[in-house]
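# Chains, contacts and geometry: an overview
Read off the chains here:
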Amino acid sequence: MAALATQIHRPIVISGPSGSGKSTILKRLFADHPDTFGFSVSHTTRSPRPGEQDGREYNFTNQEAFLALVRDGSFIEHAKFGGNYYGTSVEAVKDVAEKGRICVLDIEMEGVKQVKKTDLGARFLFLSPPSLKILEERLRGRGTDDEESVKKRLEQADKEMAFAKEKGVHDRIIVNDDLNRAYQEVEEWVVDGGRFGGQV
Ligand SMILES: Nc1ncnc2c1ncn2[C@@H]1O[C@H](COP(=O)(O)OP(=O)(O)OP(=O)(O)O)[C@@H](O)[C@H]1O
């Protein structure tokens, strides 16, 4: 049988509390390895904006079709923002692998659980802050969240950290204390001697 594209280009799931440094590290990884990684194209029920193309910025759909996909269990994650639905489908992740790229999913705990139920064969990385106290400092330092939002993120962080400690959830846990060191560890694990975790 032909290998699944996702067995050759195995998706990478990066999770970790808000403020643990996922975006910072991914930005650097993408810059150091151009044309290697990709993000999946999300579904949305919002209308396309000028210049947006179906299947490029989003897979544009209507509410009925979106909710049918939800019922079929097609989404890894979905949510409603500002009256519109958004979701990441399993198919969209497979599409990235079929285009010869490694799909990177930056998702939270519930999404991690969903990915585990699929046949995506993903690799799981948890980026941990050195401590909740330092996480709080970084969230405040980032300056993008008000007091209420910082509080919520810290409560959620506590849950994410507890979940990450469960056996077999992640393939790798990296503590983001010193950014350069943490980045090196992430890069080494992702690149995996040039195999990128490939099984075939
Ligand atoms: N090792 C580090 N040392 C000090 N500051 C860091 C380190 N890593 C990241 N930061 C800073 O911490 C803040 C949070 O990082 P970032 O926005 O990348 O987190 P995130 O995990 O992507 O969060 P979210 O899930 O909310 O998008 C940023 O201001 C970033 O510059």
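If you're wondering where the values come from, they're calculated on a predicted model, not measured in any experiment. (Residues numbered from 1 in each chain as written. Predicted model: local features only at pLDDT ≥ 70, side-chain atom pairs only at ≥ 80, totals over all residues. Heavy atoms only, no water.)

Turning to the UniProt feature "domain: Guanylate kinase-like" (unreviewed entry) in the protein chain, a few remarks are in order. Mapped onto this numbering, the UniProt entry gives "domain: Guanylate kinase-like" (unreviewed entry) at residues 9-191. Here residues 9-191 is 43% helix and 21% strand, with 11 Å between the C-alpha atoms at its ends. (UniProt positions renumbered as here; feature names shortened; annotations may be inferred. Helix = DSSP H or I, 4+ residues; strand = E, 2+ residues; numbered from the N terminus.)

It is worth spelling out the pairing of strand S1 (residues 12-15) at this point. Residues of S1 alternate between two faces, with Ile12 and Ile14 on one and Val13 and Ser15 on the opposite face, all of them buried. Two strands pair when backbone bridges link them, and S1 and strand S7 (residues 102-106) are joined in this way by three bridges, in the parallel orientation. Paired with Ile12 across the strands is Val104, a residue of S7. With four bridges joining them, S1 and strand S8 (residues 123-128) adopt parallel strand pairing. Its bridge partner being in S8, Ile14 is matched across the sheet by Leu125. (Buried < 20%, exposed > 50% of the residue type's maximum accessible area, 1.4 Å probe, protein only. Pairing = 2+ DSSP bridges.)

So, on to the sheet that holds strand S2 (residues 37-38). Strand order across the open sheet formed by five strands is S2-S7-S1-S8-S9, with parallel pairing between neighbours. The outermost strands of the open sheet, each flanked by one partner alone, are S2 and strand S9 (172-175). Contacts from helix H8 (residues 179-191) reach S1, S2, S8 and S9 within the one sheet, and its direction differs from that of S9 by about 160°. (Contact = heavy atoms within 4.5 Å. Axes fitted to C-alpha atoms, helices over the stretch in contact; angles between N-to-C directions.)

Relative to the elements of secondary structure, Lys94 occurs in helix H4 (residues 90-98). For Lys94, a relative accessible area of 17% translates into the label buried. For Lys94, the contacting residues outside a window of four places in its chain are Thr6, Asp119 and Leu120.

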